[in-house]
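Results of the structural survey
Listed below, chain by chain, are the residues.
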Amino acid sequence: MDRNGLRPARYLVTDDDLVVMASEAGVLDIPEKKIVKKWRLQPGKMFLIDFEQGRIIDDAELKASLADAKPYATWLANTQFILEDLPGKEPVRASP
């Protein structure tokens with residue numbers, strides 16, 4: 001999204017590995033024959049260029065690597081309480 005959160009980022013990749021991202025299409029005059037991919041960053045999606053690997057990492061791979069980085073499922077399982085599993089009492093109601 002642009003700085004105001006109004007327009008999605010649009011990007012293109014050229015045959016010589018140039019990536020152009022902007023909130024408007026056509027900000028640079030790039031010949032159509034050089035463009036190998038043209039798309040937009042969709043809501044809720046992430047975009048990462050890994051300069052060491054020299055590639056764009058897609059949303060699914062990026063989110064999977066972040067999710068696998070720490071044992072989040074184990075942490076949640078060890079720290080969450082399920083209300084139905086707690087010993088219960090009748091709810092206390094406030095008097096009018």
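For the structure itself, look to the data block above.
A brief structural summary.

A few words now on the pairing of strand E2 (residues 19–22). The alternating pattern of E2 places Val 20 and Ala 22 on a buried face and Val 19 and Met 21 on a face that is not buried. Two strands pair when backbone bridges link them, and strand E1 (residues 10–14) and E2 are joined in this way by 4 bridges, in the antiparallel orientation. Each bridged residue has a counterpart across the sheet, and for Val 13 the counterpart in E2 is Val 19. What sits between E1 and E2 in their antiparallel hairpin is a turn of 4 residues, with Asp 17 showing a positive phi close to 65 degrees.

What follows is about the packing of aromatic side chains. On inspection of all chains with the given rule, the structure shows 2 aromatic pairs. Both rings, one in Tyr 11 and one in Phe 47, keep their centres 4.6 Å apart while their planes meet at 55 degrees; by these two values the pair is tilted. Taken together, the positions of Tyr 11 in strand E1 and Phe 47 in the loop between strand E3 (35–40) and strand E4 (48–50) put the pair 36 residues apart, joining distant regions of the chain. On the basis of relative accessibility, which here comes to 8%, the residue Tyr 11 falls in the buried class. Look at Tyr 72 and Trp 75: their rings are 5.4 Å apart centre to centre, the planes differ by 85 degrees, and that puts the pair in the edge-to-face class. With Tyr 72 and Trp 75 both in helix H2 (residues 72–79) and 3 residues apart, this pair spans about one turn of that helix.

What follows is about the pairing of E1. Of all 5 residues that make up E1, 4 are buried, and the element is covered over most of its length. With 5 bridges joining them, E1 and E3 adopt antiparallel strand pairing. In the sheet register, Leu 12 faces E3, and the bridge partner there is Lys 38.

Attention shifts here to the pattern of salt bridges. Proximity of charged atoms lets side chains of opposite charge pair with each other. In total, this model carries 6 salt bridges according to the counting rule given. Of the charged contacts, one joins Asp 59 and Lys 63 as a salt bridge, the two residues approaching to 3.3 Å between their closest N and O atoms. One end of the pair, Asp 59, and the other, Lys 63, are both in helix H1 (residues 59–68), 4 residues apart, so they sit about a helical turn from each other. Residue Asp 59 is classed as buried on the basis of its relative accessible area, which comes to 14%. Three or more residues joined by partner-sharing salt bridges are found here, namely Asp 15, Asp 16 and Lys 34.

About the thresholds
- Residues numbered from 1 in each chain as written.
- Predicted model: local features only at pLDDT ≥ 70, side-chain atom pairs only at ≥ 80, totals over all residues.
- Heavy atoms only, no water.
- Buried < 20%, exposed > 50% of the residue type's maximum accessible area, 1.4 Å probe, protein only.
- Helix = DSSP H or I, 4+ residues; strand = E, 2+ residues; numbered from the N terminus.
- Pairing = 2+ DSSP bridges.
- Phe/Tyr/Trp six-rings, centres within 6.5 Å; stacked < 30°, edge-to-face > 60°.
- Salt bridge = Lys/Arg side-chain N within 4 Å of Asp/Glu carboxyl O.

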